[in-house]
Amino acid sequence: MRKKSATTAVGALLAASLALTGCGGNSNDGNDANGGASSPEASKAAGGDSQKSVTISYTIWDKNQQPAMEAIADAFTKQNPNIKVKVDVIPWGDYWTKMSAAAPAGTLPDVFWMHGGQFIKYASGQFLEPITDKVQAGEIDLNNYAANLGSIYTLDGQNYGIPKDFDTIGLAYNKELFDQAGIPYPDDTWDYAKLAEVAKQLSQPDKGIYGFGAKLDTQAGYWNDILANGGHIISDDMTKSGYDEPATIEALQARYQMILDKASPTHQQMTDTDAVEMFKSGKLAMIFDGSWDNGNLASSEIIQGKYDWAPLPKGKVKRGNIINGLGNVMSAKGKHKEESWQFLKFLGSKEAADITAQMGAAIPAFNGTQDAWVKSKPELNLQVFIDQAADATPYPSGSKSYPVWFAKESEIMSQAWGGAISVEEGAKKVAEMMNQAIADAK
């Protein structure tokens, strides 16, 4: 979900280390041989009371991952019988509203999911418990995680989170609709011109069926188009918006043109019914979607066994893709910090990553565990998400201006997608707004 940097240096760090095999590390990180949590005896020696039974809260936003997170919690409690973990799910649409209210009130969950786009707000507000001393003591080794993902949850030299997973974007397609039209499935030779051409061929507006969902979306939408076309979301040093660049505007216009060509539902249609839900109901032949959402698609009885994944199409410059990584963090105001740390450390273990992968919940961040996620659904081409990670661009959240401009971006672009203003005007308005937010944050 979606998705995943915390300092201005993170983009460079991630871009330099996105090859999944390049981040091996010392496995002697203070955990057991399987990367598990310390025993109750070790916990007691560390200052915890192994006889005290407590229940800690673990809050996430994806119900499709709940079974895997509960399995991880059960595995942890088996090793630490005195610590029970209650897994709570707050849907993404409500998650940050509730967290924003809980943070200043001191009622955040003991342990919870963190997104790169929200991290700076919570870390700078001192709502998260720093784990720098644990890292420096070798209790957790951040070199164990792919693509330098640990850097995302670092601010002013302090570590706050442990990488959970990472995600990239793929092209989901309905095989049944392609078969009915006698059109070959998407493959790695496709470019954006081919995508638009086939989307037109597959559209049957009179039947409510469209070739592609040209939705108003950033991470799983036009940010990928922009990068592929040679444009920028924001400059590499995060000091200037790229929305007013000709290549960026051209990419945005090309996506919107698919709506005008009736190769895609209208913005209003996709507002009334989300494009992912339209795909799940067999009304869309293709959508861009994140690896995090595969479990959601697979839950649809309508398209179960009838869809697969392909890489995103090539643009004029490259194959664009956004990579992000979720993290697990703990509250600075939690009542059970020692027990929460033990669970947080377990969440960052190979054992937890293996459970995540084997249950197909997400692509785990722990090095060497991604293959199990690919094999969790052998009937699907999940390898495309792994292959695209090496050349993907980090989610552009590594500045204090990000929360300001990101919140306003969709407000402006929705006017363009709804036809109230031109796409070019919308893009230039976003650029002006972003540059002001960047200046104000200095």
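Relevant structure appears above.
If you're wondering where the values come from, they're calculated on a predicted model, not measured in any experiment. (Residues numbered from 1 in each chain as written. Predicted model: local features only at pLDDT ≥ 70, side-chain atom pairs only at ≥ 80, totals over all residues. Heavy atoms only, no water.)

1. What about the packing of helix H10 (residues 246-260) against helix H19 (residues 423-440)?
Now for step 1: H19 packs onto H10 with a crossing angle of 135° between their chain directions and a minimal axis gap of 9 Å. One finds that H10 runs oblique with respect to H19. H19 is crossed by H10, and the crossing has right-handed handedness. In contact with Ile249, Leu252, Gln253 and Tyr256 of H10, H19 contributes Val423, Glu424, Ala427 and Lys428.
Now for step 2: In the contact of H10 with H19, the residues fall into five nonpolar, one polar and two charged. (Axes fitted to C-alpha atoms, helices over the stretch in contact; angles between N-to-C directions. Helix = DSSP H or I, 4+ residues; strand = E, 2+ residues; numbered from the N terminus. Parallel < 35°, antiparallel > 145°, perpendicular 65-115°, else oblique. Left-handed = near helix turned anticlockwise from the far one by under 90°. Contact = heavy atoms within 4.5 Å. Nonpolar A, V, L, I, M, F, W, Y, C, P; charged D, E, K, R; others polar.)

2. Some points on the sheet that holds strand E6 (residues 162-163)
Now for step 1: Within the open sheet, the five strands sit side by side as E2-E1-E3-E12-E6. Their pairing is mixed. Each having just a single partner strand, strand E2 (83-89) and E6 make up the two edges of the open sheet.
Now for step 2: In this sheet, E2 lies alongside strand E1 (residues 54-60) in parallel orientation, the contact comprising seven bridges. Note that in E2 the partner of Thr55 across the bridge is Lys84.
Now for step 3: Together, E1, E2 and strand E3 (111-114) form the strand contacts of helix H3 (residues 66-79), whose direction differs from that of E2 by roughly 170°.
Now for step 4: Against the sheet, helix H14 (residues 337-347) engages E1, E2, E3, E6 and strand E12 (327-330), with an angle of about 170° to E12. (Pairing = 2+ DSSP bridges.)

3. Digging into the pairing of strand E9 (residues 286-290)
Now for step 1: Counting buried positions over the five residues of E9 gives five, a clear majority of the element.
Now for step 2: Of the two faces of E9, the one holding Met286, Phe288 and Gly290 and the one holding Ile287 and Asp289 are both buried throughout.
Now for step 3: Bridging between strand E8 (residues 169-174) and E9 involves five bridges; their strand directions are antiparallel. Of the residues in E9, the one forming a bridge with Ala172 is Ile287. (Buried < 20%, exposed > 50% of the residue type's maximum accessible area, 1.4 Å probe, protein only.)

4. Things to note about the sheet that holds E9
Now for step 1: With antiparallel pairing, three strands are arranged side by side in an open sheet as E9-E8-E10. Of all strands in the sheet, those bounded by a partner on one side alone are E9 and strand E10 (307-310). Here the strands of the sheet are splayed against their neighbours by 35° on average, with no regard to which way each runs.
Now for step 2: Packing against the sheet, helix H9 (residues 218-228) makes contact with E8 and E9, and its axis sits at approximately 105° to E9.

5. What to know about the nonpolar core
Now for step 1: Membership of the largest hydrophobic core comes to 136 residues, with the highest contact counts inside it found for Tyr58 and Met286.
Now for step 2: With eight residues, the single largest contributor to this core is H19.
Now for step 3: If you count residues domain by domain, this core takes at least three from each of domain 1 (54-167 + 323-394) and domain 2 (169-320 + 399-440). (Core = buried A, V, L, I, M, F, W, Y, C linked by side-chain atoms within 4.5 Å. Domains from an automatic or database assignment.)

6. Details of the pairing of E8
Now for step 1: Of all six residues in E8, six are buried; the element is thus mostly enclosed.
Now for step 2: Residues of E8 alternate between two faces, with Ile169, Leu171 and Tyr173 on one and Gly170, Ala172 and Asn174 on the opposite face, all of them buried.
Now for step 3: With four bridges connecting them, E8 and E10 associate as antiparallel partners. Looking at E10, one finds that Tyr173 is bridged to Asp308.

7. Observations regarding the packing of H9 against helix H18 (residues 402-417)
Now for step 1: Between H9 and H18, the least distance of the axes is 13 Å, while the angle of their chain directions is 70°. Judged by the angle between their axes, H9 and H18 are roughly perpendicular. Facing H9, whose interface residues are Thr218, Tyr222 and Trp223, H18 presents Trp405, Phe406, Glu409, Met413 and Trp417.
Now for step 2: Residue composition of the contact of H9 with H18, by class: six nonpolar, one polar and one charged.

8. Some remarks on the packing of aromatic side chains
Now for step 1: Evaluated as defined, the whole model comprises 33 aromatic pairs.
Now for step 2: Ring centres of Tyr95 and Trp96 lie 4.8 Å apart, and the angle between their planes is 80°; this geometry places the pair in the edge-to-face category. Like Tyr95, the residue Trp96 is buried in the burial classification.
Now for step 3: Taking the centre distance of 4.8 Å and the plane angle of 70° together, the rings of Trp309 and Phe385 count as edge-to-face. You can see Trp309 sitting in strand E10 and its partner Phe385 sitting in helix H17 (residues 383-387), a full 76 residues away along the chain.
Now for step 4: The exposure class of Trp309 is buried, given its relative accessible area of 1%. (Phe/Tyr/Trp six-rings, centres within 6.5 Å; stacked < 30°, edge-to-face > 60°.)

9. Describing the side chain of Ser291
Now for step 1: When you line up the elements, Ser291 lands in the loop between E9 and helix H13 (294-298).
Now for step 2: When neighbours within four sequence positions are excluded, Ser291 is seen to be in contact with Phe166, Asp167, Thr168, Ile363, Trp373 and Phe385.

10. Quick look at helix H4 (residues 92-105)
Now for step 1: Between its terminal C-alpha atoms H4 stretches 20 Å, which fits the 20 Å expected from 14 residues at 1.5 Å a residue.
Now for step 2: Along H4, the residues that are buried comprise Tyr95, Trp96, Met99, Ala102 and Ala103. Buried residues of H4, seen end-on, are gathered within an arc of 135° and therefore sit on one face of the element. Relative to its buried face, H4 has exposed residues pointing more than 90 degrees away, namely Gly93, Thr97, Pro104 and Ala105.
Now for step 3: Summarising the contacts, the buried residues of H4 are in contact with E1, E3 and helix H5 (116-124).
Now for step 4: Looking one or two places after H4, you find Gly106, whose phi comes out positive at around 75°. (Expected span 1.5 Å × (residues − 1). Arc of directions from axis to C-beta.)

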